[in-house]
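Coordinates in review
Spelled out from the first residue to the last, the chains are:
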Amino acid sequence: MKILNHKIIDAIDKTFPFYVEEISGNIADIINRKIYSGRLIIRDGIITDIIKTESNSNMLIIPPFIDSHVHIESSMLTPKEFARTALTHGVSAAISDPHEIANVMGLGGVSFMIKQGADIPFRFYYGAPSCVPATPMETSGRVITVNDIELLFKEEKLHYLSEMMNFPGVINKDPEVMQKIAVARNYGRKIDGHAPGLRGRDLDLYLEAGISTDHETITYDEGKEKLQKGLKLLIREGSAAKNLMELAPLINEFPELCMFCSDDMHPDDIQKGYINEMVKRLLNKRFDIITLLRCATLNPANHYDIDTGLLQKNDRADFVIIDNLEDFNVLCTIIEGKAVSIKGKSLLSSQEVRHVNNFYATEKKTEDFFIPLKGNVIKVIEAIDCQIFTHKILAKPKTTSGMAVADPERDLLKISVVSRYRDKPPAMGFIKNFGLKKGAIASSVSHDSHNVIAVGVSDEDLASAVNAVISHKGGLAMCVGNQSELLPLPIAGIMSDKDSFYVADKYTKLEDAAKNLGSKLSSPFMTLSFMALTVLPELKISERGLFDFTVFDYVPLFESS
């Protein structure tokens, strides 16, 4: 009989595969809201009995965490590599929206994600992408139709309708949008929301359509109104958007309606921590442990009807072992009675993955990034650190030989989007707060259409960075003169075929390189990836040009006199 304790935990990685048959410790019973000393008896991956005991152990046994909303592709890892890392943090399931790869490859991309996550001890609950493209104002690589969504529910048995980003379409009852929602309701599926800043009557109309969640809330007052009206709040702490501490007080007021999510996690951040870190931070703020665990496990399990172990008799033997409530370190993750990670080390092996892609951009010339002067005032995107929305400001451009050029002294840099799906001139604009003093950075991870997006000081470096990405049919690049750093992303131009440690290391080097060029942003490449996301306020840029969210339309770069 294999009885788990601290000494055996230290030896698990030497005896893999390790099947647990007994474990003693302090059991977190989130159903009955109590923690007690006990012993789990496990047979064939099922908890067959729970015996109360007298124990001096500080070890805490909890249900595994669930991410209530995430785009796996944003980690730049394949589903298998994502799972290997997530399990080391005690996360065993994800409500996953394959929206990013669907924008690139349509149904084929969704099928790729499903197959990649099918044979590992991690549960991906995929949704049917509702907005591909995100709005009719964007040009993506593929389109997901109403019939496609029905096919995904009927044939692939997908769990929910992914975030309805086109909330103006919902409010104004756009026929296609309402048909997609109707399909989800006919199949009895939950409908995820995307409602940044939505309040009052507009929020009422959005909820009347059957929307059940929102992860775009950033202020306490906005969150409270949504919760009071019955919307469930997915409190987000990702790589770009960090809303946990602002929204945390709502957990005590609406404990049954709150969940935790990451939305987007870049590879370096997911190495450091995940949903476990959200719980740990709030524990340090004296939040109740049972309330937090319910937000991280039971609430999403109930809302999305997830098949996960909750430490009850006859449940699957899925649980996480925490060293103690003060340090809250994940010692071990057990899935169906089998250890899958130990002290931050995955016990699952990496696997090769086939490459799929949709990338047709051709090499660009330096002069493609010139901006002829057409006025004395330009509209400028103002990026905001640790947020995915922007502000719109006006400025006088610096000019040279009849051209508007970057002005690093005022931190007014050029931003460009190059279509990856068809050969056309780059869209050009200006952006503030990236802080580069020289060089350029570029990426084919640009939500939601994933064209190539770049920010730079010189046109030469802009062209070099963009062409580095194009030459590898996807990736992240930094170029300054003859120096460059590159992370190739050969899978759909948004994911690597390497293991998580390699990807995290390369990504960290790129982030450091961008900061060495002068950027003061916490995560320059993550912020860059959202500058093309036209479904969020206030001024963004796509391959079609500048998009002003306040009028929900494209606008010229130069302000009319």
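Structural notes, computed from the coordinates.

Cut-offs applied
Residues numbered from 1 in each chain as written. Predicted model: local features only at pLDDT ≥ 70, side-chain atom pairs only at ≥ 80, totals over all residues. Heavy atoms only, no water. Helix = DSSP H or I, 4+ residues; strand = E, 2+ residues; numbered from the N terminus. Rg over C-alpha atoms; globule rule 2.2 N^0.38 Å. Buried < 20%, exposed > 50% of the residue type's maximum accessible area, 1.4 Å probe, protein only. Contact = heavy atoms within 4.5 Å. Areas by Shrake-Rupley, 256 points an atom, 1.4 Å probe, with all protein chains shown as cover. Lys, Arg positive; Asp, Glu negative; His and termini not counted. Charge placed at Lys NZ, Arg CZ, Asp CG, Glu CD. Core = buried A, V, L, I, M, F, W, Y, C linked by side-chain atoms within 4.5 Å. Pairing = 2+ DSSP bridges. Axes fitted to C-alpha atoms, helices over the stretch in contact; angles between N-to-C directions.

1. Some remarks on the overall build of the chain
Helix and strand content of the chain: 17 helices and 30 strands. Expected size for 561 residues packed as a compact globule is a radius of gyration near 24 Å; at 24 Å, the chain falls within 12% of this value. Relative to its 561 residues, the chain shows a buried fraction of 64%. Intrachain contacts of the chain at a sequence separation of at least 6 include 67% that bridge at least 24 residues. By element, 47% of the accessible surface of the chain is carried by carbon and sulfur atoms, the whole surface being about 20400 Å². Distance from the positive charge centre (63 side chains) to the negative charge centre (74 side chains) of the chain: 1 Å.

2. So, the nonpolar core
If you look at the biggest cluster of nonpolar residues, it comprises 169 residues, and the most contacted ones within it are F82, F122, F260 and F434. Among the nonpolar cores identified, the runner-up in size contains 20 residues, and I42, I321, L331 and I342 belong to it.

3. As for the sheet that holds strand β8 (residues 123–128)
Spatially, the five strands line up as an open sheet ordered β6-β7-β8-β9-β10, and their pairing is parallel. Edge positions in the sheet fall to β6 (65–70) and β10 (190–193), since each has one partner strand and no second. Between one strand and the next, the sheet's axes are offset by a mean angle of 30°, whatever the strand orientation. Pairing of β8 with strand β9 (residues 160–164), which is carried by two bridges, proceeds in the parallel orientation. In the sheet register, A128 faces β9, and the bridge partner there is L161. Along the sheet face, helix α13 (residues 275–283) touches β6 and β7 (91–96) and points at about 110° away from the line of β6.

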